[in-house]
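Each chain, written out:
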Amino acid sequence: HAVAPRGTAALERAEERRRMRAAVTSLPRRQREVLTLRIDAELPFAEIARALSISENAAKVHFHHATRRLAALVARRGLGLAPRTRHRRAAVLAP
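Note that the structure is predicted; figures quoted are calculated from it, not measured.

Chemist: Hey, could you run me through the packing of helix α2 (residues 29-39) against helix α3 (residues 45-52) in this one?
Modeler: Relative orientation and spacing of two packed helices are given, respectively, by the angle between their axes and the distance between those axes. One can describe the packing of α2 onto α3 by two numbers: an axis separation of 10 Å at closest approach and a directional angle of 135°. With respect to their mutual orientation, α2 and α3 come out oblique. Where α2 crosses over α3, the two elements pack in a sense that is right-handed. On α3, the residues that touch Arg-30, Glu-33, Val-34, Leu-37 and Arg-38 of α2 are Phe-45, Ile-48 and Leu-52. Along the lines of polarity and charge, the residues of the contact of α2 with α3 split into five nonpolar, no polar and three charged.

Shown next, in the form of structure tokens:
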């Protein structure tokens, strides 16, 4: 199959990021907070727990539920995202 021109690929990536941000925004507040602190700020769960006044285990559970919900949204909305490294996911979520 043909390779998309550079401009088209950049537009597709921008649209992918926009849709991913919309999916993250649709998460329940606590899941969104934990996900953002874990991925964007790259905080360990212990620091997330302190910042949000929750237990470390609760932070892990919220993160797990957030990633599961995002995976379901991605599948349902057909975002077509390939598995990524931790840093690549952060770039997708960046504004």
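Chemist: Can you help me understand the confidence of the model for the chain in this one?
Modeler: Caution is warranted with low-pLDDT regions, since their predicted coordinates should not be read in detail. Per-residue pLDDT for the chain averages 83, and the proportion of residues at 70 or more is 76%. Between residues 82-88, whose pLDDT stays under 50, and residues either more than four places distant or in other chains, the model counts six contacts.

Chemist: For this particular structure, what's the right way to read the nonpolar core?
Modeler: General note: in soluble globular proteins, nonpolar side chains tend to be found buried as a group. One finds Leu-35 and Leu-70 to be the most contacted residues of the largest nonpolar core, which totals 18 residues. Elements that contribute at least two residues to this core include exactly α1 (6-25), α2, α3 and α4 (56-77). Broken down by element, the residue count for this core peaks at six residues, all from α4. Among residues more than four places away in sequence, those in contact with Leu-70 are Met-20, Ala-23, Val-24, Leu-27 and Leu-35.

Basis of the calculations
- Residues numbered from 1 in each chain as written.
- Predicted model: local features only at pLDDT ≥ 70, side-chain atom pairs only at ≥ 80, totals over all residues.
- Heavy atoms only, no water.
- Axes fitted to C-alpha atoms, helices over the stretch in contact; angles between N-to-C directions.
- Helix = DSSP H or I, 4+ residues; strand = E, 2+ residues; numbered from the N terminus.
- Parallel < 35°, antiparallel > 145°, perpendicular 65-115°, else oblique.
- Left-handed = near helix turned anticlockwise from the far one by under 90°.
- Contact = heavy atoms within 4.5 Å.
- Nonpolar A, V, L, I, M, F, W, Y, C, P; charged D, E, K, R; others polar.
- pLDDT = per-residue confidence, 0-100.
- Core = buried A, V, L, I, M, F, W, Y, C linked by side-chain atoms within 4.5 Å.
- Buried < 20%, exposed > 50% of the residue type's maximum accessible area, 1.4 Å probe, protein only.

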